[in-house]
Amino acid sequence: MILILLGAPGAGKGTQAQRLQDKHGLIQLSTGDMLRSAVSEGTEIGLKAKAVMERGDLVSDDIMTGIISDRLDQPDCTNGVILDGFPRTEAQAEALDSMLADKKMSLNAVIEMKTDDTVLVERVTGRYTCANCGAGYHDKFLKPAEEGVCDKCGGNEFSRRSDDTAETVTTRLQSYHNQTAPLLPYYKGKGILKQVDGMAEIEEVTLQIEALLKNI
Ligand code: ADP
Ligand code: ADP
Ligand code: ZN
């Protein structure tokens with residue numbers, strides 16, 4: 001099964017992808033996480049991407065499609081993947097179609113997480129993750145059961161993304177509306193676009209996605 005989670009920065013893609021990975025054994029392919037690893041390892045791609053990401057702009061389509069194509073060839077992806085953060089442009093969506101055809105794979109559904117722009121700055125600026133296991137949290141909307149201790153691994157170090165500022169959210173939202181939102185009619189035309197209410201509570205969004213998966 002290949003699913004795409006499509007939504008603005010802070011819509012909840014990573015949160016729901018982690019849950020789908022834990023419950024269904026699908027692999028979460030987060031292009032943002034892959035780029036952040038490349039930046040921290042100082043690879044050639046990381047060096048190219050760093051400044052672009054800090055500004056909140058999009059990394060080039062060629063780099064992104066190359067990363068995804070290589071990742072899909074790895075054996076753990078055969079059971080299915082959730083694409084979180086890719087595709088983000090029409091060129092990426094078209095490249096994805098042709099690479100899936102080459103690999104004899106197919107896209108099952110695109111799930112749009114619908115949100116109002118008004119909630120996104122608070123979502124993004126309150127976001128943090130466990131430095132040990134990557135579990136995602138929020139200052140207000142998703143706190144660990146015990147303050148300062150990760151629910152999943154017991155770790156007590158957390159990190160925040162340097163691009164999660166109110167200023168970059170504005171740029172990232174513009175990219176979303178200008179370059180990513182046109183993918184919605186693209187996938188609607190293919191008859192695979194589904195929607196969930198990204199404004200609902202995290203658990204409710206999970207239930208809506210689970211309900212959709214029953215029919216896929
Ligand atoms: P995205 O991957 O789409 O950028 P995230 O899944 O990282 O978004 O979510 C952004 C922040 O908002 C995280 O801190 C997360 O805990 C929180 N969050 C996610 N979904 C919801 C929701 N439905 N309601 C409130 N907060 C949410
Ligand atoms: P968010 O969770 O806020 O949606 P991501 O973690 O998906 O953000 O992406 C962080 C940054 O990485 C983006 O602002 C962009 O610079 C870069 N990026 C991630 N995925 C892509 C992509 N598919 N195409 C271009 N740039 C990307
Ligand atoms: Zn953890």
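Look above for the structure.
Presented here is a report on the structure given in the accompanying data block. (Residues numbered from 1 in each chain as written. Chains lettered and ligands numbered in written order. Predicted model: local features only at pLDDT ≥ 70, side-chain atom pairs only at ≥ 80, totals over all residues. Heavy atoms only, no water.)

## Observations concerning the coordination of the zinc ion (ligand 3)
Okay, so step 1: Coordination sphere of the zinc ion (ligand 3), protein contribution only: Cys130 (SG), Cys133 (SG), Cys150 (SG) and Cys153 (SG), at 2.3 to 2.4 Å.
Okay, so step 2: Mapping the donors of the zinc ion (ligand 3) onto the primary sequence yields the spacing C-x2-C-x16-C-x2-C.
Okay, so step 3: Relative accessible area serves as the criterion here: at 33%, Cys153 is assigned to the partly exposed category. (Donors = N, O, S within 2.8 Å, 3.2 Å for Na, K, Ca; no water. Buried < 20%, exposed > 50% of the residue type's maximum accessible area, 1.4 Å probe, protein only.)

## Concerning the packing of helix α1 (residues 13–24) against helix α9 (residues 202–214)
Okay, so step 1: It is the contact of α1 with α9, at a shortest axis distance of 10 Å, that shows an interaxial angle of 55°. The angle between the axes of α1 and α9 places the two elements in the oblique class. As for the relative orientation of α1 and α9, their crossing is right-handed in sense. For the pair α1 and α9, the contacting residues are Thr15, Gln16, Arg19, Leu20, Lys23 and His24 in the first and Ile202, Glu203, Val205, Thr206, Ile209, Glu210 and Leu213 in the second.
Okay, so step 2: A class-by-class count of the residues in the contact of α1 with α9 yields 5 nonpolar, 4 polar and 4 charged. (Axes fitted to C-alpha atoms, helices over the stretch in contact; angles between N-to-C directions. Helix = DSSP H or I, 4+ residues; strand = E, 2+ residues; numbered from the N terminus. Parallel < 35°, antiparallel > 145°, perpendicular 65-115°, else oblique. Left-handed = near helix turned anticlockwise from the far one by under 90°. Contact = heavy atoms within 4.5 Å. Nonpolar A, V, L, I, M, F, W, Y, C, P; charged D, E, K, R; others polar.)

## Some points on the pairing of strand β5 (residues 127–130)
Okay, so step 1: Two strands pair when backbone bridges link them, and β5 and strand β6 (residues 136–138) are joined in this way by 3 bridges, in the antiparallel orientation. In the strand pairing of β6, Thr129 is matched with Gly136.
Okay, so step 2: From the end of β5 to the start of β6, which pair antiparallel, there are 5 residues, and Gly134 there has a positive phi angle of about 85°. (Pairing = 2+ DSSP bridges.)

## Considerations on the pairing of strand β4 (residues 109–114)
Okay, so step 1: Extensive coverage of β4 is indicated by the burial of 5 of its 6 residues.
Okay, so step 2: The sheet contact formed by strand β1 (residues 2–6) and β4 spans 4 bridges and is parallel. Directly across from Leu3, in β4, lies its bridge partner Ala109.
Okay, so step 3: Where β4 lies against strand β8 (residues 193–197), 5 bridges are found, and the strand directions are parallel. Bridge pairing in β8 places Ile111 opposite Lys194.

## Some thoughts on the pattern of salt bridges
Okay, so step 1: With the rule as written, the count across this model stands at 17 salt bridges.
Okay, so step 2: Between Glu210 and Lys23 there is a salt bridge, and its shortest N-O distance comes to 3.6 Å. With Glu210 in helix α9 and Lys23 in helix α1, this pair connects stretches of sequence that are 187 residues apart.
Okay, so step 3: Taking the relative accessible area as the measure of exposure, Lys23 reaches 58% and is therefore exposed.
Okay, so step 4: Across the pair Arg161 and Asp163 runs a salt bridge, and its minimum N-O distance is 3.0 Å.
Okay, so step 5: Among the residues examined, Arg161 registers a relative accessible area of 24% and is labelled partly exposed. (Salt bridge = Lys/Arg side-chain N within 4 Å of Asp/Glu carboxyl O.)

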